[in-house]
Amino acid sequence: MRASEKAYESLRHDIVQWCLAPGTVLAEVEQSARLGVSRTPVREALARLVADGLAVQQRGRGVVVSEVSLEHLDDLFDLRRALECEAARLACRSPRRAEFADLATAFTAAAHTEQIDSATEDYYQLVARLDELIDQAADNAYLATALRNLRVHLQRVRRLAKDHPARLRASANEHAQIAHAIASGNTDLARAATTMHLHQSFQHITHFATDLKGTND
């Protein structure tokens, strides 16, 4: 992996996981020392993060991690529904459908994990695997690129809304239904399961955003 790619992936991961909180200054010297690369790759990585919307250039401060706004949550989910439902539909036509059956089983098991809140990283890795497999099965490079860019911002919002055990279990069951529908090649069921999951996810985040606003008022 090129040094600039390594720096970009590391910084992107830390921003999405809130290891680098909004407003954090991403100084080239500090980040190059932290990541073990020279300043030039870090500079290139920061430019990509700004282009992604994960960082912004501020006068007098340099590049800083961008704020997470819930004001455009409706717009994000409108786009997410359109893209993910189409990806699920296309995945149903793939010869790789059988691979989704194993994922459905894994999600069902995750839903019944007693301490799911202590295994959130394992769960999110499973979600990432489902996203990756859907992208591959859909076999549409433009759609995959659009989804990858969108998911970065949604992951930050999701982390802001915290990880509630009950929601994680429900989400695991919803993902199991999506994977099972794709495995069976049922396009209508895959789209319906995806729509239901996104609706529940939107409701959860919206509820959190309302509580957060009430606390800050």
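In the block above lies the structure referred to throughout.
Residues numbered from 1 in each chain as written. Predicted model: local features only at pLDDT ≥ 70, side-chain atom pairs only at ≥ 80, totals over all residues. Heavy atoms only, no water.

> When you look at the pattern of salt bridges in this model, what are you seeing that I'm missing?
Where side chains of opposite charge bring their charged atoms close, a pairing between them can arise. By the definition in use, this model includes 16 salt bridges. The salt bridge partner of aspartate 78 is arginine 81, with a shortest N-O separation of 2.6 Å. Residue aspartate 78 and its partner arginine 81 are located together in helix α4 (residues 73–91), separated by three residues, close to a single helical turn. Of the residues examined, aspartate 78 reaches a relative accessible area of 43% and is grouped as partly exposed. Measuring nitrogen to oxygen at the nearest pair gives 3.6 Å for the salt bridge that ties glutamate 132 to arginine 129. Residue glutamate 132 and its partner arginine 129 are both found in helix α6 (residues 120–138); the two are separated by three residues, about one turn of the helix. Overlapping salt bridges, with partners in common, bring together Arg96, Glu99, Arg129 and Glu132 in one network. (Salt bridge = Lys/Arg side-chain N within 4 Å of Asp/Glu carboxyl O. Helix = DSSP H or I, 4+ residues; strand = E, 2+ residues; numbered from the N terminus. Buried < 20%, exposed > 50% of the residue type's maximum accessible area, 1.4 Å probe, protein only.)

> Quick question: what am I supposed to make of helix α8 (residues 165–184) here?
Residues three or four positions apart in an α-helix share a direction because the helix packs 3.6 residues into each turn. For α8, with 20 residues, the first-to-last C-alpha span of 29 Å sits near the 28 Å given by 1.5 Å per residue. Along α8, the positions that sit buried rather than exposed are Arg167, Leu168, Ser171, Ala172, Glu174, His175, Ala176, Ile178, Ala179, Ala181 and Ile182. Downstream of α8 by one or two residues, glycine 185 has phi in the positive range, about 75 degrees. (Expected span 1.5 Å × (residues − 1).)

> How should the layout of surface pockets be read in this particular structure?
Vacant regions in the atomic arrangement are exposed by a probe of water-molecule size rolled over the atoms. Of the voids in this model, the largest pocket is the one considered here, and its volume is about 990 Å³. Lining the largest pocket are 42 residues, and of these Val127, Ala128, Asp131, Gln155 and Arg158 lie nearest its centre. Going through the elements one at a time, α1 (3–16), α4, α6, α7 (141–160), α8 and α9 (187–216) are the ones with two or more residues in the lining of the largest pocket. Residues belonging to the lining of the largest pocket are distributed by class as follows: 16 nonpolar, eleven polar and 15 charged. (1 Å grid on protein atoms, 1.4 Å probe; cavity = no way out; pocket = protein on both sides within 12 Å on 5 of 7 lines; lining within 4 Å. Points joined across faces, edges and corners; volume = space filled by probe spheres on them. Nonpolar A, V, L, I, M, F, W, Y, C, P; charged D, E, K, R; others polar.)

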